[in-house]
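Descriptive analysis of the structure
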Amino acid sequence: MTAVESRAWTPLDLAALADSSLDTIVSLQDPSGAYPASPTFSAYKGYSWFRDGAFIADGVSAWGGIDSATRFHDWCSRILVSRSAQIREIVEAAAAGEPVADERMLPTRFTFDGAEGADEWWDFQLDGYGTWLWAVVEHTGRHGVPLDRWMPAIELAVDYLVSSWRRPCFDWWEEHTEEVHGSTLGCIAAGLDAVAPQLAGDRALAARAAVLDIRALLRQEGVVDGHLSKWIGSPEVDASLLSVIRPLGVFPADGSIGAATIAAVDSQLNHGGGVHRFAADTFFGGGQWPLLSCFLGLALLAAGDRERAMDQLRWAASTVNPAGEMPEQVPDHLLFPDRRQEWVDRWGSVATPLLWSHGMYLRLAADLGLRGAA
Ligand code: BGC
């Protein structure tokens, strides 16, 4: 019997868990505005990611945490503005045909005071800057918060992405730095598309042109068997690609690419509601990630399958521990069981709570209309 079957989660229970998820996130938010990825987990402690944080802020915003989301966007904005000289250098080097080395690109995570920190990480990832642009626009559109305070940072992020979106970089999972990843491209396209109406002159034209180019590249070289592929040229699927359908909306859930991508992830990576990252995943044995179950729920809901979207939310709810904390992954169905212990030895037990898991739960619960049910 799975955990989902062992407890009947009513809409009231599910909404109550969303309320407590919001409390968990807000209580752990640093005074700087940064969301820690996971407050005590060895390898993440003391750092906040643009990727995790943007999705967390979006979930928080969707569940009514206006001030918390605003403070996270302020934190991102301060980081970008403080790095304007570095961004200008990156943009100029790219324009001159001599792009800077990966080590001089923006990192993927920062300490709460905006520094790079002393710990080694697989740092060069472009997706978070696109996702941040998208999340900030979602937040302002949803709540009527003025965008102006973030425009200098938005313009810097746009210039950075327009100059560099074609570069290979690490994917969402810190892997395959030599590839150009479908979900990374999707995050960038979503962000540039979201902010384009706010931009002026050449910057607006460049952003719109990049969106068209990225979408064309994805359609022409980023699709295999009708679904988006893990990276350009890969035959595999990756659950991060669900985000490109929903909530990022680069391809509609009911279009051919959207439907085929949902179907591929559902059939290849979903086991009873719990979604794996990708078929070859050995991290902590390759368990099921509640945040990915929520992405699948969001995509199914966008495709019109509310019942299965609710099941996905219930599955994510079933992963909370007695303290109401959601982990990064659960070990009930491991792809590589004999690879789990090496990660426990290296990094300790699975990151719990993982704020991104709670953030995705909030966005799915909100889209399912559960707010106010508790
Ligand atoms: C994941 C990243 C995530 C980070 C912090 C890593 O293990 O691969 O996607 O951003 O943890 O949550």
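Structure's up top.
Residues numbered from 1 in each chain as written. Predicted model: local features only at pLDDT ≥ 70, side-chain atom pairs only at ≥ 80, totals over all residues. Heavy atoms only, no water.

The subject of this paragraph is the overall build of the protein chain. When helices and strands are tallied, the protein chain shows 15 helices and 6 strands. For the protein chain, whose C-alpha radius of gyration is 19 Å, the value lies close to the compact-globule estimate of 21 Å for 374 residues. Seen through its principal axes, the protein chain has C-alpha atoms that stretch 60 × 45 × 40 Å. Out of the 374 residues belonging to the protein chain, those deemed buried represent 59%. In the protein chain, of all internal contacts separated by at least 6 residues, the share reaching a separation of at least 24 is 72%. On the protein chain, the mean spot of the 28 positive side-chain charges and the mean spot of the 49 negative ones are 4 Å from each other. (Helix = DSSP H or I, 4+ residues; strand = E, 2+ residues; numbered from the N terminus. Rg over C-alpha atoms; globule rule 2.2 N^0.38 Å. Buried < 20%, exposed > 50% of the residue type's maximum accessible area, 1.4 Å probe, protein only. Contact = heavy atoms within 4.5 Å. Lys, Arg positive; Asp, Glu negative; His and termini not counted. Charge placed at Lys NZ, Arg CZ, Asp CG, Glu CD.)

With that settled, the discussion passes to the packing of aromatic side chains. Going through the model one piece at a time under the given rule, you end up with 33 aromatic pairs. Ring geometry for phenylalanine 283 and phenylalanine 284: centres 5.0 Å apart, planes at 80°, overall edge-to-face. Residue class for phenylalanine 283 comes out buried when judged on its relative accessible area of 9%. With relative accessibility at 1%, the residue phenylalanine 284 sits in the buried group. Above the face of the phenylalanine 251 ring, arginine 215 is positioned so that its terminal group lies 5.1 Å from the ring centre. The cationic tip of lysine 230 hangs over the ring face of phenylalanine 278; the distance from NZ or CZ to the ring centre is 3.8 Å. (Phe/Tyr/Trp six-rings, centres within 6.5 Å; stacked < 30°, edge-to-face > 60°. Lys NZ or Arg CZ within 6 Å of the ring centre and 35° of its normal.)

Helix 6 (residues 127-143) packs onto helix 4 (residues 66-82) with a crossing angle of 140° between their chain directions and a minimal axis gap of 11 Å. Taken together, the axis directions place helix 4 and helix 6 in an arrangement best described as oblique. Of the two possible hands of crossing, helix 4 and helix 6 adopt the one that is left-handed. Across the interface between the two elements, Ile66, Ala69, Thr70, Phe72, His73, Cys76, Ser77 and Leu80 from helix 4 touch Tyr129, Trp132, Ala135, Val136, His139 and His143 from helix 6. Broken down by class, the residue content of the contact of helix 4 with helix 6 amounts to 9 nonpolar, 5 polar and no charged. (Axes fitted to C-alpha atoms, helices over the stretch in contact; angles between N-to-C directions. Parallel < 35°, antiparallel > 145°, perpendicular 65-115°, else oblique. Left-handed = near helix turned anticlockwise from the far one by under 90°. Nonpolar A, V, L, I, M, F, W, Y, C, P; charged D, E, K, R; others polar.)

What follows concerns helix 11 (residues 256-269). Under the 1.5 Å per step criterion, the end-to-end length of helix 11 is 19 Å for 14 residues, consistent within 8% with the ideal 20 Å. Within helix 11 the residues assigned to the buried category are Ile257, Gly258, Thr261, Ile262, Ala264, Val265, Asp266 and Leu269. (Expected span 1.5 Å × (residues − 1).)

The interhelical angle for the contact between helix 12 (residues 290-302) and helix 13 (residues 306-317), taken along N-to-C directions, is 170°, at an axis separation of 8 Å. Between helix 12 and helix 13, the crossing angle belongs to the class labelled roughly antiparallel. The crossing of helix 12 and helix 13 is left-handed. For the pair formed by helix 12 and helix 13, the contact residues are Pro290, Ser293, Cys294, Leu296, Gly297, Leu300 and Leu301 on the first element and Arg306, Arg308, Ala309, Gln312, Trp315 and Ala316 on the second. Of the residues that constitute the contact of helix 12 with helix 13, the class distribution is 8 nonpolar, 3 polar and 2 charged.

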